[in-house]
Amino acid sequence: MPYLLKRVINSVILLLITVSFVFFACRMIGDPALNMLGPGANDIALENLRRAAGLNDPLWLQWVRYMGGLLQGDFGVSYRYGFSVIPEADLKDIGVPVVDLVAERLPATFLLAGVAMAIAVPLGLGMGVIAAAYPRHLADRLVTVLSLAGVSIVQFWLGLMLIVLFAVQLGWLPTGGYGEPAHVILPALTLAARPIGRIAQVVRSAMLDELAKPYVVTARAKGVAEWRVILLHALRNAAIPIITMIGDELSALLTGAILVEKIFAWPGIGLLIIDSLSRSDLPIIQVSIAVVATLVIIVNLLVDFAYRIIDPQIQLGQKA
Amino acid sequence: MNKPLVNVEGLRVEFPSKRGAIAGVQDVSFTIEPGEIICIVGESGSGKSVSAYTLMQLTKFSGGWVADGQLTLESGNGNEIDLRAADEAQMRTIRGNEIGMIFQEPMTALNPSYTIGWQLAESLQQHRDMSREEAAGRSVELLKQVRIPEPERRLKQYPHELSGGMRQRIVIAMALACEPRLLIADEPTTALDVTVQAEILALIRKLRDETGAAVLLITHDMAVVAQMADQVVVMQNGRVAEDGSVEQVLTDPQHPYTQALLAVVPKLGDMAGKTLPEPMETVATTDCRIDKPLQPGSRVLLDVRHLTKRFPIRGGWLGRTVANAHAVEDVTFRILENETLSLVGESGSGKSVTGLCILRLERPDSGEITFDGQDLLALSDEDMRLARRDMQMIFQDPYGSLNPHMSLLEQVIEPLRNFRLEAGSALEDRAAELFDRVHLPRAFLRRHPSELSGGQRQRVAIARALAPKPKLIIADEAVSALDVSIQAEVLNLMMELQAEMGISYLFIGHDMAVVERVSHRVAVMYLGRIVETATREQIFANPQHEYTKTLLAAVPTLDLAHRAQKWELATKPPPSPIHPVGYEPDPVHFEKVTEGHFVLRSGLSPADEGKDGP
């Protein structure tokens, strides 16, 4: 499929640009060695770190070495976890590979995002469809208020309230942590609030647009049952903006769950990025951001392919 | 005596509004006998659609309800079904089963996400409990019945792969699927080209004869009524103005509204023997003030030579050009001062693109355009912008061509500001003058487009075009979207302004009767080429090109004697203007018929004529 290939090549180029951008950005926020070891560090320790991490070389050489490593599947080692004061030692020999650190976190991120979306998509779809099917009725107003609340509620407040209610007061669920199925429920609920609201809003407005179109009258005039009109005729045509929104929200969950991970002590990739930023652990930052960028690009690719399956008029990559 | 198929009595349908319920229709009564064609005719807002939609309880989906009256359908075994009292479950057995419906917009009446086969099978499975295979078999039969070539292949196609006329046939096939006893057709040909309209009307008539279904045809076009109806109901402002047999209503109209409606319909041949355009009779109070004949000048204002515009069609891996759509091909014409040239043709003939090229809103590929002595294609962008002061445009859709968020004053003075023609309080004075000119009250200047009717909006569009005192106005289907009475007023206004201000018009249109009214000269376009050009008189009295003849023959007329007119039912897909890269069409060769009358004798290669559509 030439289109698929084209999109994949584009994505790889996009990824390389992102990775390079992050690489240079990380080196423009000050001396990495000093940032990491702190203002009180002595010169020998700083020099050791710089030499070990290759920070003394010219920037372009560091970049070439870094990109070369990436292409061979070598993502570098963490400064922090692998740092040694042995002056002659090479960081590579003793450091913890960044890949392992990031890979360790990915399952937790996937689990949280997946459960949150599994809650948000059916709820948001259902709320939106009901609101559109009964415009201006009580159900519609209720959905409007709820979805607005979902979108505008402050995440850490919601998280804390859920903890207070379900963990502290009722004692049904743990306050935080990772490992048991029960651990995922509260953070996933916290994360799901916003996508539920946004999906419901988009579904409602897209469905209202579609239900006003002439083909809906055609379907009704054929004697088609109303549930078929709504679910088969209108929802299918409303699917494009809905899927776009779901893709956006999924991307946001993969990248932006930092706050929730912090509140619930959830060992996801967001927490890793924050910790590494505060320690200026450049290799981890670089790789984490590259991984997140890859995930977002993959989600976008999937959304594009979904368009093509849903809408026969979209000939992706070609002008119709 | 047999009972009527449908009986509507004292119908009143109400809709909610801010000021409480308002009646969409009131006191409407009519009956439909089995197998007859009844036309409900009226202008927009007359309630003609509401009356028909209520028969299927479809008005309730737009918020309406039946407030009073009776609606009954004869159930086939002598019993009557009360359509007002029927619940949703019973209605579903009637919709698509007892009553089928055809809609105005074949482009949007089909669901774009499902195949033709799926959509045809849906009602068969619903009402006839057919299996998928049975439904597919019946669908093929239906497509054959509406004369669609290659029916098996169509079942797998999506709506966007078919032309407008083809889609309308599909909609008709869907309506016929369960052999309904009543077919409701809501403006089934309004959105179609005139030759396709003739085919579809002939098809509906033929299907009535074959299946014996009664037809309720909703239309605004008196000529369609004349061609189709057995019985006529004329509606105005939600009430029945007049009803009766077609002979009665057309030859001896009793109600003043019917008389007025018949008077404003431009009739082909009305202008025979007259050399200059003339205003029409109207229902309106603003009578037309043209005190001198519309005599064209002698100086050439616009000279278009060998204009060619091709749109590349991209495809493949790198988006290279794989073919060209030949939109405008070697088009040459002139417009004199104070003259109206009509460019007529059907959708896709290239007439609008020609207009856009003259304004350089599309860049032509080759050719010369000389306007008022200036070579337009040689001008810099800034000089071109200034040149546009003398050439303004009026568009088809008065809803879309005005900015809904700007007051009318702002929109009318915008060109004056752009060209720095006036400033300060003079701007407002000029706008007021312009509104006087187009017969709009000055108080309207503060209004927004949504507060105006379609005809009023088109007047605003004309006022805006007039603002910089142009020499040429390109009117692209400027009256096509308007009701026929409004259309007459706007046409008269345009002619009045021509007499007063000496404007030239490039009038782009498809309605031959309107064209006959307004033009000095006519150029007929087909597949991007001008196939015939002559004075108005010559072309209507003595059409030479096959296509011109077809176009004229397809226009429905009010003449009841011509009803029997046979129209060819076989569909010939329109030839395609898409050619491979590097294709050069034959050079044009025009034959001179008489002085000023030319007809294309080559240039459309024989292969073009019968080629399949894309």
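**Comments concerning the overall build of chain B**
When helices and strands are tallied, chain B shows 20 helices and 23 strands. Since a compact globule built from 614 residues should have a radius of gyration of about 25 Å, the 26 Å found for chain B is in line with a globular shape. In terms of its C-alpha atoms, chain B occupies a principal-axis envelope of roughly 75 × 55 × 50 Å. A total of 614 residues make up chain B; the buried ones form 47% of that total. In chain B, of all internal contacts separated by at least 6 residues, the share reaching a separation of at least 24 is 70%.

**Focus on the domain arrangement of chain B**
All names here are of chain B. Taken domain by domain, chain B consists of domain 1 (6–264) and domain 2 (300–610). Between the C-alpha centres of domain 1 and domain 2 there is a distance of 33 Å. At the interface, 24 residues of domain 1 touch 22 residues of domain 2. Secondary-structure elements contributing two or more residues to the side of domain 1 that touches domain 2 are α7 (194–211), α8 (222–228), α9 (246–251) and α10 (256–264). Element by element, the count of residues in the side of domain 1 that touches domain 2 is highest for α7, at 7 residues. Its residues placed into classes, the side of domain 1 that touches domain 2 shows 13 nonpolar, 5 polar and 6 charged.

**As for the nonpolar core**
Core analysis: the biggest nonpolar cluster contains 241 residues, and A:Val203, B:Cys39, B:Ala173, B:Leu182, B:Val225 and B:Val524 have the highest contact counts within it. By residue number, the principal contributor to this core is helix α10 (residues 181–211) of chain A, which donates 15 residues. Apart from residues no more than four positions distant in its own chain, A:Val203 is found in contact with A:Gly124, A:Leu125, A:Gly128, A:Val129, A:Ala132, A:Ala238 and A:Ile242.

**Considering the domain arrangement of chain A**
Residues and elements named next belong to chain A. Examined at the domain level, chain A breaks down into domain 1 (1–96 + 280–320) and domain 2 (110–269). The distance between the C-alpha centroids of domain 1 and domain 2 comes to 33 Å. Each side of the interface is counted separately: domain 1 has 12 residues, and domain 2 has 11 residues. Residues that form the side of domain 1 that touches domain 2 fall into these classes: 9 nonpolar, 2 polar and 1 charged.

**What about the interface of chain A and chain B?**
Opposite the 23 residues of chain A that make contact, chain B presents 27 residues. For the side of chain A that touches chain B, the secondary structure elements donating two or more residues are α1 (2–26), α11 (214–221) and α12 (226–255) of chain A. A per-element tally of the side of chain A that touches chain B places α11(A) first, with 7 residues. The residue makeup of the side of chain A that touches chain B, split by class, is 10 nonpolar, 6 polar and 7 charged.

**Details of helix α3 (residues 43–53) of chain A**
All names here are of chain A. Along α3, the residues classified as buried are Asn48, Leu49, Ala52 and Ala53. The arc that holds the buried residues of α3, viewed along the axis, is 115°, so those residues lie on one side. More than 90 degrees from the buried face of α3, the exposed residues found are Asp43 and Ile44. Backbone geometry just after α3 places Gly54 at a positive phi near 75°.

**Focus on the sheet that holds strand β2 (residues 22–32) of chain B**
Residue and element names in this part refer to chain B. Spatial strand order, β2-β1-β4-β5: 4 strands in an open sheet with antiparallel pairing. Unpaired on one side and paired on the other, β2 and β5 (80–82) mark the two borders of the sheet. Strand-to-strand twist in this sheet, taken as the mean axis angle between neighbours without regard to direction, amounts to 15°. Two strands pair when backbone bridges link them, and strand β1 (residues 6–15) and strand β4 (residues 65–74) are joined in this way by 7 bridges, in the antiparallel orientation. For Asn7, the partnering residue across the bridge sits in β4 and is Thr72.

**Some details on the confidence of the model for chain A**
Detailed reading of the predicted model is not advised wherever pLDDT is low. Residues and elements named next belong to chain A. Overall, the prediction assigns chain A a mean pLDDT of 82, with 92% of residues at 70 or greater. In the predicted structure, residues 82–89 sits below a pLDDT of 50 and forms 13 contacts with residues beyond four places in sequence or in another chain. Within the model, pLDDT remains below 50 along residues 316–320, and this stretch shows 10 contacts once partners closer than five positions in the same chain are excluded.

**Description of helix α8 (residues 138–152) of chain A**
In this model, α8(A) (15 residues) spans 21 Å end to end at C-alpha, consistent with the 21 Å of a helix rising 1.5 Å per residue. Against α7 (98–133) and α10 of chain A lie the buried residues of α8(A).

Definitions and cut-offs
- Residues numbered from 1 in each chain as written.
- Chains lettered and ligands numbered in written order.
- Predicted model: local features only at pLDDT ≥ 70, side-chain atom pairs only at ≥ 80, totals over all residues.
- Helix = DSSP H or I, 4+ residues; strand = E, 2+ residues; numbered from the N terminus.
- Rg over C-alpha atoms; globule rule 2.2 N^0.38 Å.
- Buried ≥ 20, exposed ≤ 12 C-beta atoms within 10 Å, placed from the backbone.
- Contact = placed C-beta atoms within 7 Å.
- Domains from an automatic or database assignment.
- Nonpolar A, V, L, I, M, F, W, Y, C, P; charged D, E, K, R; others polar.
- Core = buried A, V, L, I, M, F, W, Y, C linked by C-beta atoms within 7 Å.
- Arc of directions from axis to C-beta.
- Pairing = 2+ DSSP bridges.
- Axes fitted to C-alpha atoms, helices over the stretch in contact; angles between N-to-C directions.
- pLDDT = per-residue confidence, 0-100.
- Expected span 1.5 Å × (residues − 1).

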